[in-house]
Amino acid sequence: MSTWSRTLDELVRERGPALFGYAYVLTGNPTEAEDLLQDALVRTFRSGRRVGTIDSAHSYVKRAISSAFIDGHRRASARPVRATGDAGDVTQQPASAVTTDPAANVAATLDLHSAILDLPPRERACVVLRYLDDMPVASVASELGIAVGTVKRYLSDAVARLRVTCADVDFDTTDSVPVDSRSHSNAPQQGGPR
């Protein structure tokens, strides 16, 4: 068995459920999540490409999931869309309307998931990585291959939308940044007259 196939086997065995969960949070549909994960695995391991360790393979596949998800929505937005209520409309009710579980936290989770699914693809990917994967903004930017400022803008817009529908959910929007608390005006100047 080749190195890449061993890495693929190990990745699917050890990290498959986490990767599927990531794809599911993005798509909201288990069938689409399976397809998205399968496509990402094929993209990552096609033609015996060497991906290195299981951690690097996990990162490659996760990035391929994000890219495929965003690209798929970009292509879909260029296609004609059937109007709501049109004959053959196959839209489903939001997840919160389908549930019969009276537990408040289950309903809140379903409402949040439904609200996340209503976000545009790039905002959704940023929210999932930042708040569900607990990644810092810089890591989200690196993962998606976009600028930090762009990630901040997507997060700001997404959180504003989510706060409307899920007011009880707390979105911590601050990244901790080390700050030098010493006053620069009291610091000795170098190279100048004394």
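Residues numbered from 1 in each chain as written. Predicted model: local features only at pLDDT ≥ 70, side-chain atom pairs only at ≥ 80, totals over all residues. Heavy atoms only, no water.

## Some words on the overall build of the protein chain
For the protein chain, the count of helices and strands is 8 helices and 0 strands. For the protein chain, the proportion of contacts with a sequence separation of at least 24, taken over those separated by at least 6, is 62%. If you sum the accessible surface of the protein chain, you get close to 12,600 Å²; carbon and sulfur atoms cover 52% of it. (Helix = DSSP H or I, 4+ residues; strand = E, 2+ residues; numbered from the N terminus. Contact = heavy atoms within 4.5 Å. Areas by Shrake-Rupley, 256 points an atom, 1.4 Å probe, with all protein chains shown as cover.)

## Section: the nonpolar core
In this structure, Leu 11, Val 61, Ile 65 and Val 151 are the most contacted members of the largest nonpolar core, which totals 41 residues. Where this core is concerned, the elements lending two or more residues are α1 (3-27), α2 (30-45), α3 (54-77), α5 (104-117), α6 (121-132), α7 (137-144) and α8 (148-165). Of all the elements, α3 adds the most residues to this core, at 8 residues. Every residue in contact with Ile 65, bar those within four places of it in the chain, is listed here: Leu 19, Tyr 22, Ala 23, Leu 26, Leu 36, Leu 37 and Ala 40. (Core = buried A, V, L, I, M, F, W, Y, C linked by side-chain atoms within 4.5 Å. Buried < 20%, exposed > 50% of the residue type's maximum accessible area, 1.4 Å probe, protein only.)

## As for the environment of Phe 69
Relative to the elements of secondary structure, Phe 69 occurs in helix α3. Overall, Phe 69 belongs to the buried group, its relative accessible area being 4%. Sequence separation between Phe 69 and Thr 27 is 42 residues; the distance between their C-alpha atoms is 7.8 Å. Contact partners of Phe 69, with chain neighbours within four places excluded, come to Leu 26, Thr 27, Leu 36, Pro 121 and Arg 124.

## So, the packing of α7 against α8
Viewed as axis vectors pointing N to C, α7 and α8 meet at an angle of 105°, and their least axial separation amounts to 8 Å. Accordingly, the angle class assigned to the pair α7 and α8 is roughly perpendicular. Only Val 148, Val 151, Lys 152 and Leu 155 of α8 make contact with α7, whose side of the interface consists of Val 137, Ala 138, Val 140 and Ala 141. Split by residue class, the contact of α7 with α8 holds 7 nonpolar, no polar and 1 charged. (Axes fitted to C-alpha atoms, helices over the stretch in contact; angles between N-to-C directions. Parallel < 35°, antiparallel > 145°, perpendicular 65-115°, else oblique. Nonpolar A, V, L, I, M, F, W, Y, C, P; charged D, E, K, R; others polar.)

## Re α7
Among all positions in α7, only Val 137, Val 140, Ala 141, Glu 143 and Leu 144 are buried. End-on, the buried residues of α7 take up no more than an arc of 165°, which puts them together on one face. One or two steps after α7, the chain reaches Gly 145, where phi turns positive at roughly 70°. (Arc of directions from axis to C-beta.)

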